[in-house]
Amino acid sequence: MTTAAARAENVTKVYGYDETRVTALDDVTVAFGSSVFTAIMGPSGSGKSTLMHVMAGLDDLSGGRVFVGDEDLSLLDDKELTQLRRDRIGFVFQAFNLVPTLTAIENITLPMDIAGRAPDQEWVDHVVETIGLSDRLSHRPVELSGGQQQRVAAARALASRPEIIFADEPSGNLDSRSGAELLSFLRQAVREFGQTIVMVTHDAIAASYSDRIVFLGDGRVVDEMTEPNPEKVLDRIKSLEG
Amino acid sequence: MLKATLKNIFAHKIRLALTALSIILGVGFIAGTYIYTDTIGRAFDGIFADAFEGVDIVVSSASDLQFSEGGFLPEEDINALAAVEGVDDLQTYIQGFGVIILNKEGEPLGGQGPPQFGANFDSADVAGGFTLRDGGLPVGPTEVVLDAGSAESAGFSVGDTVQIVAPTAAATDYTVVGIAGFGELDNLGGATFALFDLPTIQSLLDKDGLLSGASIQVTPGADVDQVIARIEPLLPDRGTVVSGQTAAEEQAGQIQEGLAFFNTFLLTFGFIALFVGSFIIANTFRIIVTQRSRELALLRALGATAGQVNRMVLIEALAVGLVASVVGIGVGFGIAVLLRTALDTFGVELPAASLTLAPRTIAVSMVVGVAITVLSAILPARRAARVPPVAALRDTMTTPRRKALTTRGITGAVVVAVGLGVLAIGLFANFSNGPPEIAYVGLGAAVVFIGVSILSPLVARPVARFIGWPFARLFGVPGKLARENAGRTPRRTSATAAALMIGITLVTLAAVMAASIRGTVDEILGTGIDADLIAAPANQFDPTASFTPDVADAAKANSDFADVTRLKLRSALVNGSETFIAGVENNFDAFFPLDDGSAGTTLLQPGEIWVAQGVAEANEWSLGDDVVIDFQNTGEQTFTLVGVAVGDTAEGILAITIDDYVTNFGSSTDSQVYAKLAAGVTLDQGKATLESIAEGVPTANVQTLEELQSDAEQQINQLLNLITGLLGLAVVIALIGVTNTMTLSVYERTREIGLLRAVGLSRLQTRRMIRSEASIISIFGASLGVAIGIFFGWAILQALQDQGFTAFVIPYGTVLLWIIVTGILGVIFALLPAWRASKLNVLEAISYE
């Protein structure tokens, strides 16, 4: 395993107080390797989304520490976290990934535009070409299909060459063909561009596109699998649930 | 359903509170106006009732003239009434304008609007209501009693020496022998009073042997009506007799009339504010309905009828309207106090009384507040009723049914055309009866506003892009997003902008009118009047203010001046309406170059008259016709029309000889004196000379033409500032609409803002995005307003061209400033929603549905 692009050390996340108290993450320690496509799996309420949120600086911690590269996120204020997300992290959400008033290409370069940084045009062209959206760049999100929208979101995440991309059920709203296209593209990004991707999913097929799967249950890391395929994943889920 | 409605109101209390605020302010202003004027009115009723207490009968001279001190009656005829059976006590009185008290620095007191009275004070308990506070009654030609207000403001007390100027005399020393109040008041609405014994004031007023009237006490047991019947046949021409009670009511009635004008003036601004508020309410309800469409659809799916959903929204509006109106009435008390404080600051002392809340005030406020709220919610309610039940199952919010562009375009164009038509009727038609033209102008303007607000969504997107360009350039991504956001919901942007448009239109209109009137004044003073110096009362608003003819006589005799002419102005009735009649000298046209339509304006003979072309046309007079003028003192007199003058400077004038003027008005004083410098005399020298001539005659205020011009401009600017200030209410309400719209937009775009924050938009950038959008919308509204305001100004000036308003000036600097200021105000009124947007929890926002 290569060096970690991001890691969590003894992370605990608790919601609510007293009777309504829910422990979403319970002393989780995990590392996500550089240039690795990692999937986080687990049933609903297992804490997989929470883990992604705290790792991406979208949510704060109840205990433990989270690092992106060597940066300890718990030491950053809101402004620094915002800059971290803008410059060093990419996001692909399940839905509503794009700003409706901006065109596809404007959405792709948005984080760099916000930062006032000029995008690496050659790289952006390359990403756009790879993702197969060259002819849709001037369209607004409403004029794109769901699959195209998610591909634009993926292109946005890649365009700024972040240290790590977090994807939250990126294919969750897509039909199987569009989903497969998107996931292949994400895998391609890891293989060809050396991108680091962490994807949260509950779908075994989606997870099988990854290099490594971390299984969560009740806020803890319960298992791990490398070089997965759908059968192996389904078997493992069954055994975990059983 | 009622329960669901009430729950909704509580669930959306912030939005509704903002909406209600626009109604509260509008209703508050209206209620405040009524409370204030009612309070003053009631106080004056009381004062006059007190003043005429113990007075059974009042004899006076009938007057239909507003700009006149009233008529005068022969003294012997009045005194003869003392012998009438049943008359126990007869007190004669006289009062006239232009008796000016000078303060210790030699400057006139008052004169900023309310008249400066001189009157007799021969008995401490007579009509007119003066009561001695200190000292005694004035006796002889050197004693005076001052009203308590003037005495206090200038620091005079009994025993002091005071200088007083009268129409017939320069400043003269008098001894203050007493201080008098008017009931409990120190003065009457800012008017000053100098009180003398009868012969002294008669001579000062140039009214020897004349009286204004008398107050009579009947013998105990005598029937007042019978005594009145006995007096009537003995009265001289133009004398009237009424009971003391009637006189009190009439005087109070005159005050009420003045108050009614003031009331209407202020109410106009209140209604403008409410009209603006109605745009805000409609917009808010429309947005709320859109945002709630899923919830409404769920109600429909559960079995609520379209009618029930419709009623639910209307009941919500009704509840908001009711609460807002009640609160508005409460706010009205505060506004009434503010109005009183404001006028107190300007030195207008009005009787203090506890605030009066008349049932009419409550009724008007409630009806207007509730009606406007409910009417504004009708269209949004119908929209709510159209939400199909299936919308509950859809994932996204229902996109509002968009009217086809052509339908919108045609509807809007038709409404604008109708509005312009009504406006044109108001501006250019002449009605002998029916509603006043101004009502058509107002209605037409309102319809135009509605039409433009229907049309403006068609241009909102490109205009927002245009206005947003500098924001995108300046602020990068936040500016660019703001620009796109401002254009993405054209109806919402337009509705918000339209509310601002109304206020800014009126502000611009006022600025255009003021600039154009200044332009006209400049034209007249620049080219229309061929004179170097003018001596005239400082108070241009008091047309009866005048001064001794000695000033002109001395100037004519002085070698510093090449030519001097005098002008006398008083009002009389012409064809039943009050008209100013000028007494002019035969060198008049050397000072006022007239484009002389015919011979005759230069050499006027007694019994002859010349008039301005507009006057001749309005009265359908042609050369040689008889012109009948009904004078207060001498009754109907016939003049022969010998000339019709063309040109701005003669506008509205009816000119007769000085001799005819003096005979008919019984006044020899001058209103204005114009002088041309002799060769080799500088302006400063000439001014100094004329000033020394007018020494001690403060009503003959000497100015160069340039000074007169800047004075006139200052007065116009003051009025402009007052009107702009009052229109500020409408602008503020519209800006609350900006806050409202931005709050709702932030709420609606929660997920989008969350996404932007997730991918790296900082809090500052988020705030900047919201504020920029508000600014773009505000500038859009201001631009529309400026355009329409300039157009309205042009149209109104076209209509007024006949009346001498020939200039049309667009104050570019002012309107540009207004656009910029509105843009900045938009930012300020978006601070709260921008702050809320920047404080959104990113994670919650992203997962927000």
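Is there a simple way to think about the domain arrangement of chain B in this case?
Note on interface size: it is often stated as the accessible area lost on association of the parts. All names here are of chain B. Domain boundaries in chain B define domain 1 (1-50 + 259-401), domain 2 (51-255), domain 3 (459-528 + 706-849) and domain 4 (548-693). On a C-alpha basis, the centres of domain 1 and domain 3 stand 23 Å from each other. Contacts between the two partners involve 21 residues from domain 1 and, on the opposite side, 22 residues from domain 3. Those elements giving two or more residues to the side of domain 1 that touches domain 3 turn out to be α2 (13-51) and α7 (244-291). The biggest single contributor to the side of domain 1 that touches domain 3 is α7, with 13 residues.

Looking at this structure, I do not really get the environment of B:Gly178. What am I missing?
Residue and element names in this part refer to chain B. You can see Gly 178 is positioned in strand β10 (residues 169-182). Along the sequence, Gly 178 and Leu 18 sit 160 residues apart, while their C-alpha atoms lie 57 Å from each other. Filtering out sequence-adjacent residues up to four positions away, Gly 178 remains in contact with Leu 132, Asp 134, Gly 135, Gly 136, Leu 137, Pro 138, Val 145 and Val 158.

How should I be thinking about the interface of chain B and chain A in this particular structure?
In this complex, chain B contributes 21 residues to the contact, which on the side of chain A involves 22 residues. For the side of chain B that touches chain A, the secondary structure elements donating two or more residues are α13 (477-488), α21 (750-758), α22 (763-800) and α25 (842-846) of chain B. No other element matches α21(B), which puts six residues into the side of chain B that touches chain A. Its residues placed into classes, the side of chain B that touches chain A shows ten nonpolar, five polar and six charged.

Looking at this model, I keep getting lost on the packing of α2(B) against helix α20 (residues 705-748) of chain B. Mind explaining?
If you want to describe how two helices pack, look at the angle between their axes and the distance between the axes. All names here are of chain B. In the contact formed by α2 and α20, the axes pass within 9 Å of each other and the chain directions differ by 175°. Our classification of the angle between α2 and α20 gives roughly antiparallel. Of α20, the residues touching α2 (which contributes Arg 15, Leu 18, Thr 19, Leu 21, Ser 22, Leu 25, Gly 26 and Phe 29) are Leu 729, Ile 733, Ile 736, Gly 737, Thr 739, Asn 740, Thr 743 and Leu 744. In the contact of α2 with α20, the residues fall into eight nonpolar, seven polar and one charged.

Teacher, can you tell me more about the environment of B:Leu25 here?
Residues and elements named next belong to chain B. Mapped onto the secondary structure, Leu 25 falls in helix α2. Here Leu 25 falls in the buried class, since 25 other C-beta atoms lie within 10 Å of it. Between the C-alpha atom of Leu 25 and that of Ile 47, which follows or precedes it by 22 residues, the distance is 33 Å. Apart from residues lying up to four places away in sequence, Leu 25 is in contact with Ala 273, Leu 729 and Ile 733.

Would you explain the packing of α20(B) against helix α24 (residues 831-838) of chain B in this entry?
Residue and element names in this part refer to chain B. Relative orientation of the contacting elements α20 and α24 amounts to 15°, with a least axis distance of 8 Å. By the angle class used here, α20 and α24 are roughly parallel. You can see that α20 and α24 cross each other, and the crossing is right-handed. Contacts between α20 and α24 involve Thr 739, Met 742, Thr 743 and Val 746 from the first element and Leu 832, Pro 833, Arg 836 and Ala 837 from the second. Here the contact of α20 with α24 is composed, by residue class, of five nonpolar, two polar and one charged.

What am I meant to see in the pairing of strand β17 (residues 577-584) of chain B here?
For a regular strand, side chains alternate in direction, first toward one face of the sheet and then toward the other. Residues and elements named next belong to chain B. Bridge count between strand β16 (residues 561-574) and β17: eight bridges; the pairing is antiparallel. Of the residues in β17, the one forming a bridge with Leu 567 is Val 584. As defined by bridge partners, β17 adjoins strand β22 (residues 654-657) across three bridges and the pair is classed as parallel. Bridging across to β22, Ala 582 finds its partner in Ala 655.

What am I meant to see in the sheet that holds strand β13 (residues 213-218) of chain B here?
All names here are of chain B. Strands sit in the order β3-β13-β1-β14 across an open sheet of four strands; the sheet is antiparallel. Bordering the open sheet on either side are β3 (87-93) and β14 (239-243), each of which pairs with just one other strand. Each strand axis lies, on average, 20° off the axis of its neighbour in the sheet, ignoring direction. Across six bridges, β3 lies against β13 in antiparallel orientation. The residue of β13 that forms the bridge with Thr 92 is Ala 214. Helix-sheet contacts for helix α6 (residues 224-231) involve β1 (57-61), β3, β13 and β14, and the interaxial angle to β1 is about 30°. Along the sheet face, α7 touches β1 and β14 and points at about 105° away from the line of β14.

Cut-off values and rules
- Residues numbered from 1 in each chain as written.
- Chains lettered and ligands numbered in written order.
- Predicted model: local features only at pLDDT ≥ 70, side-chain atom pairs only at ≥ 80, totals over all residues.
- Domains from an automatic or database assignment.
- Contact = placed C-beta atoms within 7 Å.
- Helix = DSSP H or I, 4+ residues; strand = E, 2+ residues; numbered from the N terminus.
- Nonpolar A, V, L, I, M, F, W, Y, C, P; charged D, E, K, R; others polar.
- Axes fitted to C-alpha atoms, helices over the stretch in contact; angles between N-to-C directions.
- Parallel < 35°, antiparallel > 145°, perpendicular 65-115°, else oblique.
- Buried ≥ 20, exposed ≤ 12 C-beta atoms within 10 Å, placed from the backbone.
- Left-handed = near helix turned anticlockwise from the far one by under 90°.
- Pairing = 2+ DSSP bridges.

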